[in-house]
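Each chain, written out:
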Amino acid sequence: MAADEGSVRVDAWVWSVRLTKTRSLAAAACRAGHVRVNGERVKPAHAVRAGDEVRLRQDGRERVVVVSQVVRKRVGAPVAADCFVDNSPPPPAEAGLGAAAERDRGAGRPTKRDRREIEQLRGW
């Protein structure tokens, strides 16, 4: 695929604006179908231009960004923030299950009664 001056590979762009840690992770996400450009699943070599909508699914949430600037090399975080408009939904709130199972330091092992109460709180 011949790319003109105003486009760059989607895996390189996703990596260069710091949506993934490595380019190989960005390419793997493309191959797995976790990256969509304008609603279509794309391969790592797909060209991205300014104005395209990129959806990236990772870590249990979906990032929705609109390309505002095409960059070919990895840039710093302040510059990367100017390269896209983030339209992602807010991250899901974390459930507070960990607090119910915590015990005071030095309290020892839980008794059978304590264990049953913990299991009942967790829904087991």
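Keep in mind it's a predicted model, so treat the numbers as computed, not measured. (Residues numbered from 1 in each chain as written. Predicted model: local features only at pLDDT ≥ 70, side-chain atom pairs only at ≥ 80, totals over all residues. Heavy atoms only, no water.)

**Some thoughts on the overall build of the protein**
Here is step 1: Of the regular secondary structure elements, the protein holds 5 helices and 7 strands.
Here is step 2: For the protein, buried positions account for 29% of its 124 residues.
Here is step 3: Counting only contacts in the protein whose residues sit at least 6 apart along the sequence, the fraction spanning at least 24 positions is 45%.
Here is step 4: Roughly 8600 Å² of accessible area belongs to the protein as shown, and the carbon and sulfur atoms make up 50% of that amount. (Helix = DSSP H or I, 4+ residues; strand = E, 2+ residues; numbered from the N terminus. Buried < 20%, exposed > 50% of the residue type's maximum accessible area, 1.4 Å probe, protein only. Contact = heavy atoms within 4.5 Å. Areas by Shrake-Rupley, 256 points an atom, 1.4 Å probe, with all protein chains shown as cover.)

**A closer look at the nonpolar core**
Here is step 1: Judged by nonpolar contacts, the single largest core of 23 residues is most densely connected at V10, W13, V14, V17, L19, V35 and V54.
Here is step 2: Looking at this core, the elements that each hand over two or more residues are α1 (10–16), α2 (23–31), β2 (35–37), β5 (53–58) and β6 (61–67).
Here is step 3: Residue contacts for W13: discarding those within four places in its chain leaves V8, L19, V54, V65, V67, Q69, V70, V71, C83 and F84. (Core = buried A, V, L, I, M, F, W, Y, C linked by side-chain atoms within 4.5 Å.)

**Side note on the pairing of β6**
Here is step 1: Across 6 bridges, the pairing between β5 and β6 is antiparallel. Its bridge partner being in β6, V54 is matched across the sheet by V65.
Here is step 2: Hairpin connection, β5 to β6: the antiparallel pair is bridged by 2 residues, and D59 has positive phi, about 55°.
Here is step 3: When β6 meets strand β7 (residues 84–86), the two strands line up antiparallel, connected through 3 bridges. By the bridge assignment for β7, V65 is matched with D86. (Pairing = 2+ DSSP bridges.)

**Remarks on the side chain of S7**
Here is step 1: Looking at the secondary structure, you find S7 in strand β1 (residues 7–9).
Here is step 2: Setting aside residues no more than four positions away along its own chain, S7 makes contact with A47, V48, R49, V70 and R72.

**Structural notes on the sheet that holds β5**
Here is step 1: Taking strand neighbours across the sheet as the criterion, the 5 strands line up as β3-β2-β5-β6-β7 in an open arrangement whose pairing is antiparallel. The open sheet is flanked by β3 (40–41) and β7, the only strands paired with a single partner.

On their own, these measurements won't tell you what the molecule is for.
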